[in-house]
Every structure is written in C-alpha cells, then in structure tokens.
Amino acid sequence: MMSRSNRSLPLRGRLLFAFIAANLLWGTSAHGHGGGSDEDSGSVRAVLDPLPPELSSLRVQLRKTLAPQLLVANPTSKPLTIEDEAGRPFLRIGPGNTEGDLGTAAFHRTNTIMAPGAISADASGTPRWSVVEATPNWGWFDLRLRTDAIDIPHQVVDAGERAFVGQWSVPVRLGETESVISGRFEYQPTASGIVQAKVSDVGALKGHALVRAMPGSSRPGLFLSYRGESPLTLMGEHDEPFLRFSQNGVEANRHSSTWARVAPAGTPSFVDSGDNTEANWAQVSGGPSYGWIEPRAAYAGKVENPAKSGIVKRWQIPILIGDSISHIQGVSEWFPNEPVAGE
C-alpha cells in the first residue's frame, strides 16, 4: 500500500485520509454488490488489469474500502495526468508532488466517500490547479470503478461461477504519451463455506513460543507469544522485517509493506520509505504476545469442490531467532457450510 504524506493536506483531509487508510487495511477482502443481484447471491468487484508497457514504471494498486480506490505512485520524471469522463484533466501526479484541479467536479467527486450524487458531474468551473500532496503519490475513489449499478444477468447468478460482467478504464497521459489504466468487473458467487488457517510447524520456535491461528474470520490471523531470550523477527511478504518480539515487547516495522496491509487502527501507521530498506521499529505491545491479520494465510482463489473440505493453500513465514533462520509453516483449509436443519 502506498501512503499519502499528510503535510500538505488540511485538517479535514488528514482526518478523512486516516479513516480511509484504516479501512484499506481492514477491508481489502470486501466486495460491492451488483445492482442486479440478490443480497446473498454474490458480489461484483473491480479488478485491475496489467499495466501497458508505457506505464510499467508506475506503481498502481486497486483497493476496496467503502468503494474501489486507485492508488498510484509515479517515480518517473514525467507528470501522470488523469482525465475525467469528459476528457478534462483533474489530477497531475509527479514529478515531485501531486496537483489537483480544484475547479473540476471530478477532483471532489473522487476525493470523497460520500454517495456519487452528492456532487454533480457538471459542477466544474474555471481550472484551479493546486498542490494537494507534497509527494508524487495519490489515491482516489474513481467513480468509473463503482460496482453499485452493475446489473448481473440471471444466467450468471444461476451458474454460480466467477464471470466477467463488464470493464472499466481511466484515460491517462504520462508526459506526452496517451495511455489507459484499465480493468474488468468480475462477478463472484457467495462462498458456501469458509477458509480456516492452521499452524502445522513452528520450526525453531518449538519450546520457545506459542503460535496459533485465530479462526472464525474470512481474514485469517495468527497469535504468537514468545518466551525466548534472543530477539525474534518475523519477515514480511517481500522478505522485509515485519514484526520483532523481544523481552521488551513487540515492535512493528513501519517500513514494512506487510504492516501496511494489516496494521489495525490506533497503531503506528505505515511510512513509505522510498528506496530506504532500513527498518523503522515502533512498539505495538508492551508484552511478549501479539495477534495480527496474516495475509499469507488468506485464500481468494477458486475452490474446486466447494462441497468437500480440504487444504487449498500451504504457506510459510520466514523467521530469524538471533542470526538463525527458520519458518512458521501452515495450511489453509476449506470447510463447507453445514446445511441448516429443515432447508
């Protein structure tokens, strides 16, 4: 996840971003319901396609909070211009900072979590470009990615399979090169079961720690209580230091991209380190125990036989105890819902 610096945002913007960031961390597995489907029949989500070659230097993510949100970091020396539905530019990301045209309705409509109709699409006026962020990073709720009004054909719902139900695109220009950030809308039937994580091997932690999965949620979590003398470091999804356990408590690396995905509200937030790989440790617990959402134990793929339980994923977490390398290993299992008596 890419964070926006708060230095150039007014107080209202900072509070709004804090709320958005918290939802980014806790809501990445949620999907919006399509307008033509029943509440319990399935959902529709926006999916990001691979970037075209001319945009390969950008970092682009698509996250779902209360609405789909595009997050873009532009490390190039050229500005990335984002256009609204009518072709009018409303964002310039990079180089060095981010500018918004405060005179466009699109800037305000995409910078709010209110209902789309709260600001009229034809409310644009004279261009008023202004720096809205001191870095070339920005996230916005583009209305072209909204899934609310997508009508799902009854044939798709009845089939009960994932299906392509539309596409979306956002025209952009990198320097003088015109391009597009695009994707598709995908229908996902409601799950008829749940994936549960289970720890199968704690490696070198055996006898020095209690490690267990926290079941009962669509976002699997782990709990670890450490009793060893040497510091224990858990590595993140990209082999970066993630969590550190010691006799002084538990610390999170604020430069960890994994921490960016799982940090709960109220804890030290993720800090974009750029090219700096040095850890930035912040205490999250004064004791030797901590529980967290573990994205490596999650499973979002297709279950081949939803009526039958079984292992759908094997995962591991690299750990360092002092200078010794080991792993926590586990599996994620699919358990179909038991039919309710009388159904």
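It should be emphasised that the depicted structure is a prediction, and the values quoted were computed from it without experimental measurement.

**Student:** For this particular structure, what's the right way to read the environment of Asn97?
**Tutor:** Here Asn97 is to be found in the loop between strand 5 (89-93) and strand 6 (98-101). For Asn97, a relative accessible area of 23% puts it in the partly exposed group. Spatially, the C-alpha atoms of Asn97 and Val131 are 7.0 Å apart, while their sequence positions differ by 34 residues.

**Student:** Please explain the sheet that holds strand 8 (residues 137-140) as it appears in this structure.
**Tutor:** Two pairing modes exist for strands in a sheet, parallel and antiparallel, and in both the strands are linked by backbone hydrogen bonds. In spatial order, the strands read 2-3-8; together these three strands make up an open sheet with antiparallel pairing. Sheet topology places strand 2 (59-64) and strand 8 at the edges, where each strand pairs with a single neighbour. Strand-to-strand twist of the sheet, defined as the mean angle between neighbouring strand axes without regard to direction, takes the value 15°. In terms of strand pairing, strand 2 meets strand 3 (residues 68-73) through six bridges, oriented antiparallel. In the strand pairing of strand 3, Lys64 is matched with Pro68.

**Student:** Looking at this structure, how should I read the side chain of Thr104?
**Tutor:** Tracing the sequence through the fold places Thr104 in the loop between strand 6 and helix 2 (105-109). Those residues in contact with Thr104 that sit more than four places away from it in its chain are Arg88, Pro89, Phe90 and Ser124.

Definitions and limits used
- Residues numbered from 1 in each chain as written.
- Predicted model: local features only at pLDDT ≥ 70, side-chain atom pairs only at ≥ 80, totals over all residues.
- Heavy atoms only, no water.
- Helix = DSSP H or I, 4+ residues; strand = E, 2+ residues; numbered from the N terminus.
- Buried < 20%, exposed > 50% of the residue type's maximum accessible area, 1.4 Å probe, protein only.
- Pairing = 2+ DSSP bridges.
- Axes fitted to C-alpha atoms, helices over the stretch in contact; angles between N-to-C directions.
- Contact = heavy atoms within 4.5 Å.

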